[in-house]
Amino acid sequence: MTQDQARVVHAVRGWLGTPFAHQGRLKGVGCDCLGLVLGVWEELGGAVTQEVPAYTPDWDEPGRAEVLWRACGSHLSLTDVPVAGDVLLFRMHPRSVAKHLGFLVPAPGGDTLVHSVTRYGVVQTSLAAPLRRRQVAAFRLPGLER
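Residues numbered from 1 in each chain as written. Predicted model: local features only at pLDDT ≥ 70, side-chain atom pairs only at ≥ 80, totals over all residues. Heavy atoms only, no water.

Peer 1: Just to check I follow, could you spell out the overall build of the protein for this structure?
Peer 2: When helices and strands are counted, the protein shows four helices and eight strands. Scanning the protein from its N terminus toward the C terminus, one meets helices and strands in the order α-β-β-α-α-β-β-β-β-β-α-β. On C-alpha atoms alone, the protein measures out to a radius of gyration of 14 Å, which is about the 15 Å that the 2.2 N^0.38 rule sets for 146 residues. A principal-axis box enclosing the C-alpha atoms of the protein has dimensions of 40 × 30 × 30 Å. The buried share of the protein, reckoned over its 146 residues, is 42%. Relative to all contacts within the protein whose residues are 6 or more apart in sequence, the contacts with residues 24 or more apart total 58%. (Helix = DSSP H or I, 4+ residues; strand = E, 2+ residues; numbered from the N terminus. Rg over C-alpha atoms; globule rule 2.2 N^0.38 Å. Buried < 20%, exposed > 50% of the residue type's maximum accessible area, 1.4 Å probe, protein only. Contact = heavy atoms within 4.5 Å.)

Below, the structure written as structure tokens:
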């Protein structure tokens, strides 16, 4: 793991236990999955340069526009081979838009996902086959060496 990857993973793990809060992004106070990504990015010295439009708390937005996927693609670097600290994007239901994010974090038993879940807040979950099948893209935070 590079120093930059270790910095991201360390920052991400610092958010574990943060309660869930729709559209929140405050470490220890509350965040959702997008708030986790934005909060970690700000913690690492990045700047959020545009307002995040309102979005619903469920897994599907009205219409079929892949808003989150496009936003990730315009601000982060798409990668075919995700490594520790990369942001993973998921489609949680087969016919819905991709609307869930988390960070890839290595663990002794295999890769994990650190993400914010409605009832549990920020947790570290096994990135086993059922979840991996829902992954649609992987992105790297800008300016990080790999």
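Next comes the rest of the account.
Peer 1: Please explain the sheet that holds strand E3 (residues 77–78) as it appears in this structure.
Peer 2: Adjacent strands of a sheet pair through backbone hydrogen bonds, lying either parallel or antiparallel. Spatially, the six strands line up as an open sheet ordered E3-E8-E4-E5-E6-E7, and their pairing is antiparallel. Every other strand in the sheet has two partners, leaving E3 and strand E7 (121–126) as the edge strands with one partner each. Examined bridge by bridge, strand E5 (residues 100–105) and strand E6 (residues 112–117) share three bridges and lie antiparallel to one another. Within E6, the residue paired with Val105 across the bridge is Thr112. Each of E5, E6 and E7 is contacted by helix H1 (residues 3–13), which is oriented at about 120° to E5, the strand it contacts most. Contacting strand E4 (87–90), E5 and strand E8 (135–140), helix H3 (residues 67–75) crosses the sheet at an angle of about 25° to E8. (Pairing = 2+ DSSP bridges. Axes fitted to C-alpha atoms, helices over the stretch in contact; angles between N-to-C directions.)

Peer 1: Just to check I follow, could you spell out the pattern of salt bridges for this structure?
Peer 2: Here the idea is simple: oppositely charged side chains can pair when their charged atoms come close. The full count for this structure, using the stated rule, is six salt bridges. Residue Lys27 is joined to Glu43 by a salt bridge in which the shortest nitrogen-to-oxygen separation is 3.5 Å. Of this pair, Lys27 sits in the loop between strand E1 (25–26) and strand E2 (30–31) while Glu43 sits in helix H2 (residues 33–43), placing them 16 residues apart in sequence. Residue Lys27 is classed as partly exposed on the basis of its relative accessible area, which comes to 40%. (Salt bridge = Lys/Arg side-chain N within 4 Å of Asp/Glu carboxyl O.)

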